[in-house]
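Reading the structure
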Amino acid sequence: MSVPDPYGSAIQDARAGHGDPQARSIPTHVTLLPPTEVPAELLPKIEEHLAAVAAAHRPFRMLLRGAGTFRPVSPVVYVRVEEGAQECRLLEADVRSGPLARELAFPYHPHVTVAHGLPDDVLDQAYEGARGFRASFQVPGFGISRFDADEVWRPWRSYSFG
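A brief look at the structure comes next. (Residues numbered from 1 in each chain as written. Predicted model: local features only at pLDDT ≥ 70, side-chain atom pairs only at ≥ 80, totals over all residues. Heavy atoms only, no water.)

**Topic: the overall build of the protein chain**
Cut-off, in case you're wondering: Numbering of helices and strands runs from the N terminus; a helix is a DSSP stretch of H or I covering at least four residues, while a strand is a stretch of E covering at least two. Partly exposed residues are those whose accessible area sits between 20% and 50% of the maximum for their type, while under 20% is buried and over 50% is exposed, using a 1.4 Å probe and protein chains only. What makes two residues a contact is simply this: any of their non-hydrogen atoms within 4.5 Å. Each accessible area is a Shrake-Rupley estimate made with a 1.4 Å probe; only the visible protein chains count as cover when residues are assessed. When charges are counted, Lys and Arg are positive and Asp and Glu negative, with His and the chain ends excluded. Lys charges are placed at NZ, Arg charges at CZ, Asp charges at CG and Glu charges at CD.
Looking only at helices and strands, the protein chain has four helices and six strands in total. Traced from its N-terminal end to its C-terminal end, the protein chain shows the element sequence α-α-β-β-α-β-α-β-β-β. For the protein chain, with 162 residues in total, the buried portion stands at 38%. Excluding contacts between residues fewer than 6 apart, the proportion of contacts in the protein chain whose partners are at least 24 apart in sequence is 70%. Summed over its atoms, the accessible surface of the protein chain is roughly 8900 Å², and 53% of this surface lies on carbon and sulfur atoms. Charge centroids of the protein chain, computed over 16 positive and 20 negative side chains, lie 5 Å from each other.

Laid out in structure tokens, this is it:
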């Protein structure tokens, strides 16, 4: 789910400011399904599935506030989803079913990445910088992105909640 501007740009700018090489190639978002390679012939079935999932959910308010980290397990600093996390969990479970059913390496935890794979001192700075972050907005739906040949994630399809 996209984080709208000005919040999305602010997080992306912070991510770039920390030297995260992926900052400009990944739009600011809350992941519902990790990158998943699918055969092209399944795309119509997947699009039908995602449309049905979106129709079964309603818009909700999201509040992003404060910092979190997955360290020491994973070198990630993020902004916490304080309100809307339960809606994200329900949505993630529905998305990750049917033609998109798959096991996850880690339990689902809605968040917005601020820094990833950087030295510990930079992750510490990112954490401190994110502690005061706050954003509140309505989530009207979700989208699917594709990973292009230039290694940039781009929005591909959007699905509005019913």
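There's plenty left to go through after this.
**Focus on the pattern of salt bridges**
Basically, it comes down to this: Counted as salt bridges are all cases of a side-chain nitrogen of Lys or Arg within 4 Å of a carboxyl oxygen of Asp or Glu.
Counted by the stated rule, this structure contains 13 salt bridges. Between Glu-47 and Arg-157 there is a salt bridge, with its nearest N and O atoms 2.9 Å apart. Here the residue Glu-47 occupies a position in helix H2 (residues 43–55), and Arg-157 occupies one in strand S6 (residues 153–160), the gap between them amounting to 110 residues. Salt-bridge contacts for Glu-92 lead to Arg-96; the nearest nitrogen and oxygen are separated by 2.5 Å. Taken together, the shared-partner salt bridges connect Arg-146, Asp-148, Asp-150 and Arg-154 into one network.

**Some remarks on the packing of aromatic side chains**
Stated precisely, the cut-off is as follows: For this analysis, a ring pair means two rings from Phe, Tyr or Trp (six-membered ring only for Trp) whose centres lie within 6.5 Å, classed as stacked if their planes differ by under 30 degrees, edge-to-face if by over 60, and tilted for the remaining angles. By definition, being over a ring means that NZ of Lys or CZ of Arg is both within 6 Å of the ring centre and within 35 degrees of the ring normal.
In total, this model carries six aromatic pairs according to the counting rule given. Aromatic pair Phe-70 and Tyr-78: ring centres 4.6 Å apart, planes at 35°, arrangement tilted. Looking at Phe-70, the relative accessible area reads 26%, which means it is partly exposed. Judged by relative accessible area, which is 7%, Tyr-78 ranks as buried. Relative to Trp-153, the ring of Phe-147 lies with its centre 5.0 Å away and its plane at 45°, an arrangement referred to as tilted. With relative accessibility at 46%, the residue Phe-147 sits in the partly exposed group. Ring pairs connect the aromatic residues Phe-60, Phe-142, Tyr-159 and Phe-161, which therefore count as one cluster. For Arg-157, the ring lying beneath its charged end belongs to Trp-156, and the centroid distance is 4.1 Å.

**Thoughts on helix H1 (residues 7–17)**
Note the threshold: For this quantity, the arc is that covered by the directions from the helix axis to the C-beta atoms.
Along H1, the residues that are buried comprise Gly-8, Ile-11, Gln-12 and Arg-15. One face of H1 carries all of its buried residues, which in axial projection span an arc of 100°. Looking at the packing, one finds that the buried side of H1 touches strand S2 (76–83) and strand S3 (111–116). Looking one or two residues past H1, Gly-19 carries a phi angle of roughly 85°, positive in sign.

**Examining the packing of H2 against helix H3 (residues 85–95)**
Rule in force here: Interaxial angle, 0 to 180 degrees, is taken between N-to-C directions of lines fitted to C-alpha atoms, where a helix line uses only the stretch in contact. Roughly parallel covers angles under 35 degrees, roughly antiparallel covers those over 145, roughly perpendicular covers 65 to 115, and oblique covers all other angles. Whether a crossing is left-handed or right-handed is set by the direction in which the near helix is turned from the far one by less than a right angle, anticlockwise for left-handed and clockwise for right-handed. Each residue is assigned to one class: nonpolar for Ala, Val, Leu, Ile, Met, Phe, Trp, Tyr, Cys and Pro, charged for Asp, Glu, Lys and Arg, and polar for all the others, Gly among them.
As a packed pair, H2 and H3 sit with axes 10 Å apart at the nearest point and diverge in direction by 150°. The angle between the axes of H2 and H3 places the two elements in the roughly antiparallel class. Considering how the two elements wind past one another, H2 and H3 form a crossing that is right-handed. Where H2 approaches H3, its residues His-49, Leu-50 and Val-53 are matched on the opposing element by Leu-91, Asp-94 and Val-95. The class makeup of the residues in the contact of H2 with H3 is four nonpolar, one polar and one charged.

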